[in-house]
Amino acid sequence: MLSVNHLSVSEVSSILAATARIEAISAAERAKLLAGRRVALLFYESSTRTRTSFELAAKSLGATTTLVSDKSSSIEKGESLKDTGLTLRALGAEAIILRHNYSGAPDLLARMTGLPVLNAGDGMHEHPSQALLDLRTMLIRLGLDATSASETCLKGVTVVITGDIRHSRVARSNAMLLPRLGARVILCGPKPLLPEDALGLHPAIEIERDFDRALSQASVAMMLRIQKERLAGLSLDLGVYIDGYQLTEARLAAHAPNALVMHPGPMIRGLEIQSEVADGPNSAIEEQVSHGLAIRTALLVRALGVKA
């Protein structure tokens, strides 16, 4: 699971179906699926939701897990990604879940180790499991079939993704996946955070600079964190950004009172989203986290070649 572009629509459908099947069986039966298997979590960047959900997913399936971070291993001493991966393989790891600050690192690790690698976010490239859990969240909250996917399963659904799209691997993976399932995807943000070349993610992608105009078309409003750590050299006035692009109660009520509100986290309340919206009835933010755990069980079973 390196990229959503590696998945056919039928494979996406298969992952959704497996997720539903695993979720439906008892905890005792679930724990037999990967009993005795070994999974390594290799994280070069901080993470709460992704790391914890992958770890809990693996443990719920009966797998043994080990966490390796750049702050508490030989990575801190300068060990290469290749050597760390080969060490984990030699220690018996059968799959590696990797988050890395360089785009393409999961592909490199998969080639060097020959192990299944699940991309948990690489640089400003992709976050495929997030796109899959976002898809499941949308299907369930919009009252659609969440056990399968097709090229038209999101027909009539407009997803507006707003914020720091330049640096967002979540936006990239969603923009690659959702149009293939029939969704209309509109990217929204100021030029420093949304370059015109984002249109290259999929031929059907649209750009809208005016947030209110974009929001008025939204079935789903997906907000993104402003990644302050990546803003060096960019001309961005946060006060102006808040005025133009923050999702507030008033803005939601005026332009998209029925829109589903999503956010991959971590949220900066009071910057890209108002607390009242994040905690309001339109919000599916906590549900995204729960669906992340469910989707990642299916991805682990798939990676290790077990039939669920």
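Let us look at the structure shown here. (Residues numbered from 1 in each chain as written. Predicted model: local features only at pLDDT ≥ 70, side-chain atom pairs only at ≥ 80, totals over all residues. Heavy atoms only, no water.)

## Comments concerning the nonpolar core
In globular proteins that are soluble, nonpolar side chains generally tend to be buried together.
And step 1. Within the largest apolar cluster, 62 residues are counted, with the highest numbers of intra-cluster contacts made by Ile97, Leu132, Leu135, Leu154, Ile161 and Leu300.
And step 2. If we ignore the near neighbours within four places in the chain, the residues touching Leu135 are Val12, Leu16, Leu154, Leu177, Leu178 and Leu181.
And step 3. Counting residues in each nonpolar core, the second largest holds 23 residues, with Cys188, Met223, Ile226 and Ala256 among its members. (Core = buried A, V, L, I, M, F, W, Y, C linked by side-chain atoms within 4.5 Å. Buried < 20%, exposed > 50% of the residue type's maximum accessible area, 1.4 Å probe, protein only. Contact = heavy atoms within 4.5 Å.)

## Quick word on the environment of Ala298
And step 1. Tracing the chain through its elements places Ala298 in helix H12 (residues 285-303).
And step 2. With 278 residues separating them along the chain, Ala298 and Ala20 place their C-alpha atoms 8.7 Å apart.
And step 3. Setting aside residues up to four positions removed in sequence, Ala298 forms contacts with Ile15, Ala18, Thr19 and Ile22. (Helix = DSSP H or I, 4+ residues; strand = E, 2+ residues; numbered from the N terminus.)

## Thoughts on the pattern of salt bridges
And step 1. If you walk through the whole model with that rule in mind, you get 12 salt bridges.
And step 2. Across the pair Glu287 and Arg141 runs a salt bridge, and its minimum N-O distance is 2.6 Å. Of the two residues, Glu287 sits in helix H12 while Arg141 sits in helix H6 (residues 128-141), which places them 146 residues apart along the sequence.
And step 3. For Glu287, a relative accessible area of 28% gives the class partly exposed.
And step 4. Where Arg209 meets Glu196, a salt bridge forms, and the shortest distance between an N and an O atom there is 2.8 Å. (Salt bridge = Lys/Arg side-chain N within 4 Å of Asp/Glu carboxyl O.)

## Describing the packing of aromatic side chains
Geometry of an aromatic ring pair is reported as the spacing of the ring centres plus the angle between the planes.
And step 1. Per the stated rule, a full pass over the model turns up two aromatic pairs.
And step 2. Residues Tyr241 and Tyr245 carry aromatic rings whose centres are separated by 5.2 Å and whose planes lie at 25 degrees to one another, so their mutual orientation is stacked. Separated by four residues within a single helix, Tyr241 and Tyr245 lie in helix H9 (residues 238-245), roughly one turn from each other. Here Tyr241 matches Tyr245 in class, with each residue buried.
And step 3. Ring pairing ties together the aromatic residues Phe211, Tyr241 and Tyr245, which thus form one cluster. (Phe/Tyr/Trp six-rings, centres within 6.5 Å; stacked < 30°, edge-to-face > 60°.)

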